[in-house]
Each structure stands twice: as C-alpha cells, then as structure tokens.
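For reference, the chains in residue letters:
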Amino acid sequence: MNIGFIGLGIMGTPMAGHLIAAGHSLFLKSRRSVPEALLAAGGTACATAAEVAERADTIILMLPDTPDVEQVLFGAGGVAEGLSPGKTVIDMSSIAPLATKDFAARIAERGGAYLDAPVSGGEVGARNAALSIMVGGEAETFARAEPLFAAMGKTVTHVGPVGSGQVAKVANQIIVALTIEAVAEGLLFASKAGADPAKVRQAITGGLATSRILELHGARMIERTFDPGFRIGLHQKDLNLALDNARTLGLSLPATALAQQLFSACVAQGGAAWDHSALVKALEALANHAVGDAA
C-alpha cells in the first residue's frame, strides 16, 4: 500500500520502519526532519501533511496531543487539503474521545474513512512490533487496515465505533498509572523496612502481584534508569483526559487523581521528561528514602 506516516518520534519512527519492512511505500512527515534511517530504508520525505495525503491512500498520525492532531488534519497545509474521497485516516495518537468523533465526522464530510487506533506498549513495544492496538471505527474500514496494524502490533482489537479506541486507551492509562504507583509503594516499603528491593521484586513476580509493570518498571526503579520510555508529561496528558471525561460522566476516579498529583510532584522537580516509572521519586521525597537506600 501507499502509506503516509506523520509524527516520527520515539514511537512513530520504529512503527513506520515496520511498515517499510512489510513492503509498503511510506510517505513521511515530521515536525523535525525525517530520520535518515527511514529514508535509507526507502521512505520518502514530504514537505507538508497535505502532500502526504495526496500521495498516500492511508494516512497514519502518531502525534502528542489533541491540538496537534487537529492542526495536522485541518490546519494550513494539513491532511484535509490533500485528502480525496476513498482515502483513510488512522489516528494512532492518544487524544480526547469526543474530539476524535468530531475529527472523524469532518473527515467523512470530505469522503474519507477514519479509525482511531491508539497504542500501548511504549518504546519497547514500538521497536519490537509488539504494541497493543485498540481500534475504533467501522468494521469494513478496520478490516482493510488490519494488515497494517499487524505489522506494528502483537494484539489488535476492534473495540467498537469511532472513539472506542481512545476510550480503551484512557482506561489502559488509568490502570498503568495506578499499577506504577502500587509497584513504587511496594518497593519503597520493602527498601525502607530493610529488605533488598531487587530480591523482593524477584520473589513477588512469582505470585499474584506479578505484572509487566513490576517486571519492567520495577527494574527501572531499582536500577534508577528513568530515561523515557514514556514521558511523565505524556502520561499526565492521558490522565487529564481521564479526569476531564470523568467529570463529564459524573464519575469519581479518586486513585487516578492521586496518581496525577504524584506525577505533578515529579514535574515540579523538573521531571516532565522522565519515564513514568519515575513516579516513585514523588513517593521517595515524601518518605525521605529512595528505593535501594540502606534502611
């Protein structure tokens, strides 16, 4: 297929690379220059998002936030200017579900199809083509795009109509944040009580408390490796979506609000670009003790 890919950051670059490796022709646009590795692999750089839409049959977006997606789709030189009937827009960013429905309607007015397909799995999942991809949109459109998702992800689920993928991603981000917080509390408790947190982590990975977050982010907390990964600033954005939509729904999410406050404490220490596993630093500041310190 002729595929457009807009947004070539930590996640987008390896995702685009997998599509090239799968034999697709890629037309590429990024806020910064297109990575040389993608050009060397056969990708084509485009000057504008409109040019990407003109040259591709399916246009994929992988952008930071809702305003970025709106600008790339409908701003000057945006996708909408180059879109013709019959083409498909796939937004793999994590953005507001209600805005997603609006964007899909505006693309439909121009004769295009639309899928929202946010991902989970972080940089490691993107590099290894092991992402979990949650898709909202028409079943027929999903079926056409499924081979593209298979090239980038391990678990691909058609959740329901447009916006459903974003709802699933918000739910995912709630669970991830609260699990990071739980792992951080557990390891901090173990360390302060005088046990080796690495040995505690090893012991509990064999029981009911085991999780990918305990395995991966627990190791980050112990080894003090907080380069992203998935930045705290981006996870804050996702929790804002959760809390804003919860207010609209008349829903209380008290633990989500707590996790957001702990992320805010990290940001106050200059940590917006830390990996989200660094949430442990906020708890460590409260305890005046770091995971791994002597009790």
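These numbers were taken from a predicted model, which means no experiment stands behind them.

*Asks:* Where do I start with the overall build of the protein in this structure?
*Replies:* Along the backbone of the protein there are 14 helices and nine strands. A compact globule built from 295 residues should have a C-alpha radius of gyration of about 19 Å, and the protein, at 20 Å, falls within 12% of that. Viewed in the frame of its principal axes, the protein has a C-alpha envelope of about 65 × 45 × 35 Å. Per-residue burial over the protein gives 51% buried out of 295 residues. Long-range contacts, defined as pairs at least 24 residues apart, comprise 65% of the intrachain contacts of the protein with a sequence gap of at least 6. Of the roughly 12,900 Å² that the protein leaves accessible, carbon and sulfur atoms contribute 56%. Within the protein, the 27 negative side-chain charges are centred at a point lying 3 Å from the centre of the 22 positive side-chain charges.

*Asks:* Hey, could you run me through the pattern of salt bridges in this one?
*Replies:* Oppositely charged side chains are able to pair whenever their charged atoms sit close together. All chains considered together, the criterion is met by 11 salt bridges. Here Arg220 ties to Asp275 by a salt bridge, and the two come within 3.7 Å at their closest N and O atoms. In this pair, Arg220 sits in helix α11 (residues 212-223) while Asp275 sits in the loop between α13 (254-268) and α14 (280-287), placing the two residues 55 residues apart along the sequence. The partner of Glu284 in a salt bridge is Arg224, with the nearest N and O atoms 2.9 Å apart. With Glu284 in helix α14 and Arg224 in the loop between α11 and α12 (232-249), the pair connects residues that are 60 residues apart, well separated along the chain. Residue classification places Glu284 among the buried residues on the basis of a relative accessible area of 7%. A relative accessible area of 34% places Arg224 in the partly exposed class. Salt bridges sharing partners connect three or more residues here, namely Glu70, Asp102 and Arg106.

*Asks:* Would you mind going over the environment of Ala53 with me for this structure?
*Replies:* Looking at where Ala53 falls in the secondary structure, it is placed in helix α3 (residues 49-55). Not counting chain neighbours up to four residues away, the residues in contact with Ala53 comprise Ile59, Val79, Gly82, Leu83 and Lys87.

*Asks:* What's the story with unusual backbone geometry in this structure? I'm lost.
*Replies:* Trans is the common state for peptide bonds, and a negative phi is the common state for residues other than glycine. Cis geometry marks the peptide bond from Pro228 to Gly229; its omega dihedral reads 10 degrees. One non-glycine residue, Ala129, lies in the positive phi region at around 55 degrees. With respect to the secondary-structure elements, Ala129 resides in the loop between α7 (122-127) and β8 (131-136). If you check the backbone angles, Arg224 has positive phi at about 65 degrees while not being a glycine.

*Asks:* Explain the side chain of Gln236 here, please?
*Replies:* On the secondary structure map, Gln236 appears in helix α12. Relative accessible area serves as the criterion here: at 15%, Gln236 is assigned to the buried category. Of note is the side chain of Gln236, whose polar atom sits 2.9 Å from the side chain of Ser264.

*Asks:* Honestly, the packing of helix α9 (residues 164-192) against α12 in this entry has me stumped. Any pointers?
*Replies:* As a packed pair, α9 and α12 sit with axes 9 Å apart at the nearest point and diverge in direction by 115 degrees. Regarding α9 and α12, the two cross each other, and that crossing is left-handed. Here Lys169, Val170, Gln173, Ile174, Val176 and Ala177 of α9 come into contact with α12, specifically with His235, Asp238, Leu239, Leu241 and Ala242. Of the residues in the contact of α9 with α12, the class split is seven nonpolar, two polar and two charged.

*Asks:* Even after reading the chapter, I still don't get the packing of aromatic side chains, so can you show me in this structure?
*Replies:* Note on aromatic pairs: each is described by the distance of the centres and the angle between the planes. One pass over the structure, following the stated rule, counts two aromatic pairs. Consider the rings of Phe74 and Phe103, whose centres lie 5.9 Å apart with planes at 55 degrees: the pair is tilted. Within this pair, whereas Phe74 is found in helix α4 (residues 66-74), its partner Phe103 is found in helix α6 (residues 97-109), the two being separated by 29 residues in sequence. Considered together, Phe74 and Phe103 belong to a single accessibility category, that of buried residues. Ring centres of Phe142 and Phe149 lie 6.2 Å apart, and the angle between their planes is 25 degrees; on these two criteria the pair is classed as stacked. Under the relative-accessibility criterion, Phe149 is labelled buried at 0%. One Lys or Arg, Arg106, reaches over the ring of Phe74 and ends 3.8 Å from the middle of that ring. Here the basic side chain of Lys281 rests over the ring of Trp274, its NZ or CZ set 3.9 Å away from the ring centre.

*Asks:* Help me out: how do you make sense of α13 in this one?
*Replies:* Every α-helix winds through 3.6 residues per turn, so residues three or four apart in the chain are directed the same way. Over its 15 residues, α13 runs 21 Å from end to end, which matches the ideal 21 Å to within 8%, given 1.5 Å per residue. Looking at α13, one finds that the buried residues are Thr256, Ala259, Gln260, Leu262, Phe263 and Cys266. Viewed along the axis of α13, the buried residues span an arc of 160 degrees, placing them on a single side of the element. In α13, the exposed positions angled more than 90 degrees off the buried face are occupied by Pro254, Gln261 and Ala268. Of the surrounding elements, those touching the buried residues of α13 are α9, α12 and α14. Gly270 sits one or two residues past α13 and shows a positive phi near 85 degrees.

Definitions and cut-offs
- As a convention, each chain's residues are numbered from 1 in the sequence order in which they are written.
- Only residues with pLDDT of at least 70 get local features here, since the model is predicted, and only at 80 or more are side-chain atom pairs given and counted; chain-wide, interface and lining totals rely on the full set of residues.
- Hydrogens and water are ignored here; the side-chain numbers use all heavy atoms of the structure.
- Helix and strand assignments come from DSSP, with helices taken as H or I runs of at least 4 residues and strands as E runs of at least 2, each series counted from the N terminus.
- A radius of gyration in this sense is built from C-alpha atoms; the matching globule rule multiplies 2.2 Å by the number of residues raised to 0.38.
- Each residue is assigned to one of three classes by its accessible area relative to the maximum for its type, calculated with a 1.4 Å probe on protein chains only: buried under 20%, partly exposed between the two thresholds, exposed over 50%.
- Only heavy atoms matter for contacts: two residues are in contact if any of them lie within 4.5 Å across the pair.
- What sets the accessible areas is the Shrake-Rupley method with a 1.4 Å probe; for residues, cover comes only from the shown protein chains.
- As used throughout, the charge tally considers Lys and Arg to be positive and Asp and Glu to be negative, leaving His and the chain termini uncounted.
- By convention, charge coordinates are those of NZ in Lys, CZ in Arg, CG in Asp, or CD in Glu.
- A pairing counts as a salt bridge when a side-chain nitrogen of Lys or Arg comes within 4 Å of a carboxyl oxygen of Asp or Glu.
- Each polar contact in these results corresponds to two N or O atoms within 3.5 Å; when the atoms are within protein, one needs to be able to donate a hydrogen and the other to accept it, and residues that are neighboring in sequence are counted only if both atoms are side-chain atoms.
- Axis definition: a line fit to C-alpha positions, over the contact stretch in the case of helices; interaxial angles, taken between N-to-C directions, run 0 to 180 degrees.
- We call a crossing left-handed when the near helix sits turned anticlockwise from the far one by less than a right angle, and right-handed when that turn is clockwise.
- Classes in brief: Ala, Val, Leu, Ile, Met, Phe, Trp, Tyr, Cys and Pro nonpolar; Asp, Glu, Lys and Arg charged; the others, Gly included, polar.
- The pairing test for Phe, Tyr and Trp rings, Trp by its six-membered ring, is centres within 6.5 Å, and the orientation test on the planes gives stacked under 30 degrees, edge-to-face over 60, and tilted for anything in between.
- Definition used: whenever NZ (Lys) or CZ (Arg) falls within 6 Å of the ring centre and also within 35 degrees of the ring normal, the charge is taken to sit over that ring.
- Expected helix span is taken as 1.5 Å per residue step, with the number of steps being one fewer than the number of residues.
- This arc corresponds to the set of directions leading from the helix axis out to the C-beta atoms.

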